[in-house]
Number of protein chains: 2
Amino acid sequence: MTEKHLRKATASEDNLIRIFTVPEAADSTLGRIERQLSADLAGFLQDNIAALEQPLSDIENHFCRVEVPPQPQFVSDYVEDIMSHLVAQSVHTAAPSFIGHMTSALPYFLLPLSKLMVGLNQNLVKIETSKAFTPMERQVLGMMHHLIYGRDTNFYQGFLHSASHALGAFCSGGTVANITALWIARNQLLKASGNFRGVTREGLHKALKHYGWDDLAILVSERGHYSLGKAADLLGIGRDNIISVAVDAHNKVDVEAMRMAAAELQARNIRVMAIVGVAGTTETGNVDPLAEMAALAKEIDCHFHVDAAWGGATLLSEKYRHLLGGIELADSVTIDAHKQMYVPMGAGMVLFKDPSFASAIEHHAEYILRQGSKDLGSQTLEGSRPGMAMLVHACLNIIGREGYEILINGSLERARFFAALIQAQADFELISEPELCLLTYRYVPVKVRQALAKAVANNDTEKLAAIGSLLDDLTRAIQKTQREQGKSFVSRTRITPKVYGNDKRTVFRVVLANPLTTEAILATVLEEQRALASGESDILRALDALC
Amino acid sequence: MTEKHLRKATASEDNLIRIFTVPEAADSTLGRIERQLSADLAGFLQDNIAALEQPLSDIENHFCRVEVPPQPQFVSDYVEDIMSHLVAQSVHTAAPSFIGHMTSALPYFLLPLSKLMVGLNQNLVKIETSKAFTPMERQVLGMMHHLIYGRDTNFYQGFLHSASHALGAFCSGGTVANITALWIARNQLLKASGNFRGVTREGLHKALKHYGWDDLAILVSERGHYSLGKAADLLGIGRDNIISVAVDAHNKVDVEAMRMAAAELQARNIRVMAIVGVAGTTETGNVDPLAEMAALAKEIDCHFHVDAAWGGATLLSEKYRHLLGGIELADSVTIDAHKQMYVPMGAGMVLFKDPSFASAIEHHAEYILRQGSKDLGSQTLEGSRPGMAMLVHACLNIIGREGYEILINGSLERARFFAALIQAQADFELISEPELCLLTYRYVPVKVRQALAKAVANNDTEKLAAIGSLLDDLTRAIQKTQREQGKSFVSRTRITPKVYGNDKRTVFRVVLANPLTTEAILATVLEEQRALASGESDILRALDALC
């Protein structure tokens with residue numbers, strides 16, 4: 001029995017006061033971990049996250065006790081436990097070879113700043129628990145607003161810190177941002193009129209009766225994010241009233257098809273409440289024709305929201321911001337700082353063209369959010385929430401426009417390099433070209449590529465489907481094994497490439513936003529996948545039989 | 001010109017890679033700050049947060065630039081800037097003399113653990129970016145579920161890690177938790193039947209038409225949290241359909257009045273969708289009669305939600321958990337860990353009695369949240385979100401049941417001490433007794449107290465109103481000056497004390513959850529208020545004239 005087993009953490013008032021007043025010793029387990037995090041984050045993650053994936057059921061076995069432990073535990077014991085069972089089995093989201101998701105390595109300065117933010121423990125719901133954090137957050141929203149809409153000095157002098165206006169809302173992420181935008185759009189459309197006190201007071205059922213519409217609808221590309229369906233559900237509009245509009249060969253919504261869909265809805269007495277443009281679809285990274293969509297929104301008199309949760313950061317690049325042309329015409333825009341702005345998880349924003357827009361959801365309470373106060377909580381979906389805006393503020397100031405220019409251009413150009421690399425391989429096929437820094441592709445043995453080309457030429461849909469289905473199996477198998485081996489990670493999704501008759505096909509998906517991802521790493525990812533493919537002999541044999 | 005003005009941060013690819021790869025030097029400004037945070041958080045906050053409040057407009061002047069700074073800034077320069085303009089003007093929420101809000105001092109171990117959490121940067125929306133964090137979060141939800149419902153081993157073995165079940169949902173805070181519960185309740189009530197595909201698909205308008213109801217309603221005490229109005233608005237139910245039910249002299253909802261209100265709604269063909277019990281109102285800290293409410297919910301066949309965002313942590317005390325008796329009968333319960341569980345901002349939870357409950361909002365997407373996956377995002381309102389559950393996990397394990405027992409009992413007993421202290425003063429009046437650890441009171445000069453007592457005895461409503469209005473002014477003035485002087489902080493709210501004919505009156509409000517708040521500090525708070533009152537000569541003169 002070691003000394004560790006002899007000592008025992010005991011709950012006494014003195015001991016408990018100690019956890020609030022006595023810092024962790026520098027030579028404690030947690031002290032050592034913290035020093036390593038500060039000195040070498042990448043090394044820490046590399047050393048402490050296990051390369052080989054443990055089966056989920058084994059991990060679950062360690063997290064199955066539901067009684068709150070009766071006795072206190074020494075911090076060091078707890079930390080040793082989570083180092084082996086939680087940290088070791090977490091995902092190395094910052095690894096330069098993990099190019100399958102939208103997280104990246106983080107700038108070093110964010111670690112101590114996060115600690116400062118947690119230590120200050122401000123609550124942004126009201127001035128009384130956030131003071132300077134409130135104008136700081138408003139400034140961040142103002143900077144993002146300016147980045148999108150670029151209004152003049154007078155505009156920002158008038159509205160940036162106005163108690164009765166909001167240039168946007170800070171929130172935990174893009175989903176809440178999208179919900180907030182559509183919530184306000186719904187309430188603006190179904191506002192008070194005559195005896196009707198507005199949807200906010202009387203609800204959707206009476207609102208539609210008052211306005212004489214049979215239903216509401218929201219139009220979006222078939223590549224729209226699933227959070228829009230969630231928003232439609234939550235807002236009482238219904239998921240079936242998210243009208244999915246077809247995309248062209250470049251995964252951009254067909255605005256003419258959207259116009260026709262809107263006319264058809266109108267003919268059925270269904271009011272189009274909003275159209276949503278996607279600026280960086282999560283599956284292929286493409287941007288909808290935003291200017292054309294803005295024109296359509298004007299034509300049919302509806303709200304125009306742009307979901308730029310992922311792609312919005314591209315506005316920080318002078319060279320590439322034109323790819324989001326037309327975004328300045330949107331009534332509201334979602335941008336996540338925890339995606340391509342290099343901020344840790346939990347930093348979403350929605351920006352409003354019209355600073356009075358959010359008044360449609362304004363609410364007050366007695367002990368906070370008093371009328372005329374500058375409490376941010378009176379115009380947000382969330383209530384109590386942390387000072388995450390400080391980390392966005394830090395990145396915008398420390399990295400600066402010129403810094404982001406280099407980072408974002410680097411990502412887009414890395415994606416173009418990888419696309420070219422894939423196209424140079426005989427046995428890989430680029431499925432969607434990178435418009436921003438996201439692309440999709442798959443592994444297709446040379447012989448199979450020839451058979452596919454022939455089937456397309458002959459319009460042999462049966463053969464296309466048979467080969468496609470086997471390639472789906474192959475893609476899934478490669479992706480799964482590569483992930484489990486833990487050296488690199490690409491994700492997979494299912495899309496409908498035009499060239500293969502719009503059938504739903506499984507493809508690899510990569511996001512090249514990590515500045516530490518080198519060209520050599522990208523070459524290795526392909527080599528690994530080729531090697532893994534050669535191990536799938538059953539699928540390869542079946543494919544052979546079709547060629 | 002100092003050296004600092006000569007050097008210039010420049011954006012180059014090399015410099016940018018450095019922010020991702022080279023740690024802050026130990027002797028840098030940020031390095032020094034971090035060491036002080038680690039060595040002496042309380043001292044850091046005391047030293048760096050200015051005692052005297054700067055006018056908000058002055059603070060705003062520092063946060064008014066909206067152009068993203070073109071050039072990068074040295075980390076040290078940035079940090080110096082925010083130390084004087086942001087940190088110095090933030091709120092010392094951890095101060096033992098700041099007893100006006102629901103935040104508290106934090107245990108030390110949470111600082112390095114927060115840094116670890118940020119460094120790992122997991123995204124809980126899906127297993128692929130969270131792995132072990134997913135079962136860890138499920139365990140936290142399981143522990144909270146067990147704390148409320150205490151089901152047997154078989155139950156948890158079956159459901160804790162089941163892909164198609166959820167014992168609860170983790171979220172950014174109590175507002176999202178309450179919205180989630182009511183969203184699911186609405187969808188469960190208006191489920192698919194016959195040709196109708198459910199409110200989730202077809203929306204609220206068609207749902208009400210299908211079921212033949214004119215409207216939905218939610219019943220809650222007049223002390224219910226403003227987030228419920230927000231939920232009703234968002235869900236398309238309408239704020240007017242949150243039916244506010246009167247409370248008794250102890251600020252607990254009158255269940256008989258609620259029963260009558262429900263019957264009346266039913267007679268008007270309005271379906272009561274849910275009743276909401278409050279376990280710890282934000283204004284007076286009282287708990288509704290939960291068991292009686294559960295019986296009513298059964299009687300009228302509706303959902304029973306308990307908002308225990310603030311009070312729920314009391315369940316960790318064997319001695320006082322009986323105060324929340326009946327909570328185990330609730331269909332869903334909201335608890336915020338960032339309130340009385342000593343976790344930093346951003347840790348809300350909602351727990352479900354029935355593990356199938358959340359299926360009413362289940363949603364899937366192609367690249368994540370695939371059917372049958374254990375991706376948490378398929379049953380939450382939020383999408384991408386951080387691994388905050390780890391900090392709750394740490395507190396539950398390190399503090400343990402016995403530790404929380406002492407902390408929570410300490411808070412409740414500190415509130416009882418303060419109530420007695422107030423009652424022992426001739427010139428203070430306790431307005432609401434502490435049931436948990438929240439109470440309200442006000443300063444009333446001795447002569448005025450006598451005049452008030454006489455006015456109550458004579459039922460002289462005119463005099464009561466006149467005195468009451470001046471006391472409101474006095475309370476507001478004391479509270480504002482005390483806050484501005486920065487030594488201590490109590491909050492204020494407006495409630496309707498029965499003893500003064502249910503008129504709305506302004507009162508001081510304190511929350512005694514900080515374990516570092518001593519009895520001596522509480523005595524000082526009263527002395528400060530007494531001294532501040534004596535400075536309000538105009539109001540005192542006007543009061544005198546009424547006595």
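Check the entry above for the structure.
These figures come from a predicted structure and were not determined experimentally. (Residues numbered from 1 in each chain as written. Chains lettered and ligands numbered in written order. Predicted model: local features only at pLDDT ≥ 70, side-chain atom pairs only at ≥ 80, totals over all residues. Heavy atoms only, no water.)

Caption draft 1: Main features of the packing of aromatic side chains. According to the stated counting rule, one finds 22 aromatic pairs over all chains in the structure shown. Each ring, one from Phe155 of chain A and one from Phe159 of chain A, has its centre 5.1 Å from the other, and the planes form 65°; the classification is edge-to-face. You can see Phe155 of chain A and its partner Phe159 of chain A sitting in helix α9 (residues 153-159), 4 residues apart, about one turn around the helix. Ring geometry for Tyr342 of chain A versus Phe20 of chain B: centroids 5.4 Å apart, planes at 75°, classification edge-to-face. (Phe/Tyr/Trp six-rings, centres within 6.5 Å; stacked < 30°, edge-to-face > 60°. Helix = DSSP H or I, 4+ residues; strand = E, 2+ residues; numbered from the N terminus.)

Caption draft 2: Inspection of the side chain of Glu382 of chain A at higher detail. Summarising the element assignment, Glu382 of chain A is placed in the loop between β7 (348-352) and α16 (389-423). One buried charged side chain, Glu382 of chain A, makes no salt bridge at all; its nearest oppositely charged neighbour is Arg385 of chain A, positioned 5.1 Å away. Engagement of the side chain of Glu382 of chain A in a polar contact is seen with the backbone nitrogen of Ser172 of chain A, the distance being 3.0 Å. Setting aside residues up to four positions removed in sequence, Glu382 of chain A forms contacts with Phe170, Cys171, Ser172 and Val176 of chain A together with Ser172, Thr175, Val176, Lys230 and Glu382 of chain B. (Buried < 20%, exposed > 50% of the residue type's maximum accessible area, 1.4 Å probe, protein only. Lys, Arg positive; Asp, Glu negative; His and termini not counted. Salt bridge = Lys/Arg side-chain N within 4 Å of Asp/Glu carboxyl O. Polar contact = N/O pair within 3.5 Å; in protein donor to acceptor, adjacent residues only side chain to side chain. Contact = heavy atoms within 4.5 Å.)

Caption draft 3: Layout of helix α12 (residues 204-211) of chain A. Those residues of α12 of chain A not exposed but buried are Leu204, His205, Ala207 and Leu208 of chain A. End-on, the buried residues of α12 of chain A take up no more than an arc of 165°, which puts them together on one face. Tucked into the core, α12 of chain A has its buried residues touching α10 (174-189), α11 (199-202) and β2 (215-221) of chain A together with α12 (204-211) of chain B. (Arc of directions from axis to C-beta.)

Caption draft 4: Inspection of the packing of helix α18 (residues 461-485) of chain B against helix α19 (residues 519-534) of chain B at higher detail. Residues and elements named next belong to chain B. Look at α18 against α19: their axes get within 9 Å of each other, and the N-to-C directions meet at 115°. Relative to α19, the crossing made by α18 is right-handed. Contacts between α18 and α19 pair Leu474, Ile478, Thr481, Gln482 and Gln485 from the former with Val525, Glu528, Gln529, Leu532 and Ala533 from the latter. (Axes fitted to C-alpha atoms, helices over the stretch in contact; angles between N-to-C directions. Left-handed = near helix turned anticlockwise from the far one by under 90°.)

Caption draft 5: Just the pairing of strand β8 (residues 428-432) of chain A, in detail. Residues and elements named next belong to chain A. In terms of residue burial, β8 counts as a mostly covered element, since 5 of its 5 residues are buried. By the bridge criterion, 4 bridges tie β8 to strand β9 (residues 438-443) in an arrangement that is antiparallel. Looking across to β9, one finds that Ser432 is bridged to Thr440. The turn linking β8 back onto β9 is made up of 5 residues. (Pairing = 2+ DSSP bridges.)

Caption draft 6: Spotlight on the relation of the copies chain B and chain A. Its rotation angle being 180°, the transformation that places chain B on chain A also includes 0.0 Å of axial translation and leaves an RMSD of 0.0 Å. Classification of the inter-copy transformation places it as that of a two-fold axis. A share of 99% of interface residues in chain B that are also interface residues in chain A marks the association as one of identical surfaces. (Least-squares fit on C-alpha atoms with pLDDT ≥ 70 in both.)

Caption draft 7: The packing of helix α3 (residues 29-39) of chain A against helix α4 (residues 41-48) of chain A, seen in detail. Residue and element names in this part refer to chain A. α4 packs onto α3 with a crossing angle of 125° between their chain directions and a minimal axis gap of 5 Å. In terms of orientation, α3 and α4 fall into the oblique class. Every residue of α4 that contacts α3 at Ile33, Gln36, Leu37 and Ala39 is listed here: Leu41, Gly43, Phe44, Asp47 and Asn48. Partitioning the contact of α3 with α4 into residue classes produces 5 nonpolar, 3 polar and 1 charged. (Parallel < 35°, antiparallel > 145°, perpendicular 65-115°, else oblique. Nonpolar A, V, L, I, M, F, W, Y, C, P; charged D, E, K, R; others polar.)

Caption draft 8: Geometry of empty space enclosed by the protein. One pass over the full model with this rule turns up 10 cavities of 30 Å³ or more. Estimated volume of the largest cavity: approximately 430 Å³. Lining the largest cavity are 34 residues, and of these Met345, Pro386 and Met388 of chain A together with Pro386 and Met388 of chain B sit closest to its centre. Looking at the lining of the largest cavity, the elements that each hand over two or more residues are α7 (110-120) and β1 (168-171) of chain A together with α7 (110-120) and β1 (168-171) of chain B. Residues that form the lining of the largest cavity fall into these classes: 18 nonpolar, 12 polar and 4 charged. (1 Å grid on protein atoms, 1.4 Å probe; cavity = no way out; pocket = protein on both sides within 12 Å on 5 of 7 lines; lining within 4 Å. Points joined across faces, edges and corners; volume = space filled by probe spheres on them.)

Caption draft 9: Just the interface of chain B and chain A, in detail. Counting residues at the interface gives 170 residues for chain B and 169 residues for chain A. When the two sides are added together, the surface that chain B and chain A hide from each other amounts to roughly 15,000 Å², 64% of it contributed by carbon and sulfur. On inspection of chain B and its partner chain A, the count reaches 12 salt bridges. One salt bridge in this structure joins Asp240 of chain B and Arg197 of chain A, with 2.6 Å as the shortest N-O distance. (Buried area = accessible area lost by both parts, 1.4 Å probe.)

Caption draft 10: The environment of Ala42 of chain B, seen in detail. Note that Ala42 of chain B resides in helix α4 (residues 41-48). Linking Ala42 of chain B and Leu106 of chain B, residues 64 residues apart in sequence, is a C-alpha distance of 9.7 Å.

Caption draft 11: Broad picture of the sheet that holds strand β6 (residues 332-336) of chain B. Residues and elements named next belong to chain B. With mixed pairing, the 7 strands of this open sheet are ordered in space as β1-β7-β6-β5-β4-β2-β3. Unpaired on one side and paired on the other, β1 and β3 (242-245) mark the two borders of the sheet. In this sheet, neighbouring strand axes are inclined to one another by 20° on average, regardless of whether the strands run parallel or antiparallel.

Caption draft 12: Region of interest: the sheet that holds strand β3 (residues 242-245) of chain A. Residue and element names in this part refer to chain A. If you walk across this open sheet you meet the 7 strands as β1-β7-β6-β5-β4-β2-β3, and the pairing is mixed. Among the strands making up the open sheet, the edge pair consists of β1 and β3. Pairwise comparison of adjacent strand axes, ignoring direction, gives a mean angle of 20° for this sheet. One ladder, built from 4 bridges, connects β1 with β7; its direction is antiparallel. Following the sheet pairing, Phe170 is matched in β7 by Met349.

Caption draft 13: Structural view of the layout of surface pockets. Of the voids in this model, the largest pocket is the one considered here, and its volume is about 880 Å³. In terms of lining residues, the largest pocket is bounded by 44 residues, among which Glu53, Val91 and Arg483 of chain A together with Glu128 and Lys131 of chain B are the most central. Those elements giving two or more residues to the lining of the largest pocket turn out to be α4, α5 (56-62) and α18 (461-485) of chain A. Of the residues forming the lining of the largest pocket, the biggest block, 4 residues, is contributed by α4 of chain A.

Caption draft 14: Structural context of the pattern of salt bridges. Following the criterion strictly, the structure yields 58 salt bridges over all chains and no others. Where Lys115 of chain B meets Glu34 of chain B, a salt bridge forms, and the shortest distance between an N and an O atom there is 2.3 Å. With Lys115 of chain B in helix α7 and Glu34 of chain B in helix α3 (residues 29-39), this residue pair connects regions lying 81 residues apart in the sequence. Put simply, Glu34 and Lys115 of chain A together with Glu34 and Lys115 of chain B are held in one network by salt bridges that share partners.

Caption draft 15: Region of the structure containing the state of the cysteines. All names here are of chain B. Per the stated rule, a full pass over the model turns up 0 disulfides over all chains. The cysteine Cys437 is free of any disulfide, with Cys395 supplying the nearest cysteine sulfur at 16 Å. The class for Cys437 is buried, based on a relative accessible area of 0%. (Disulfide = S-S within 2.5 Å.)

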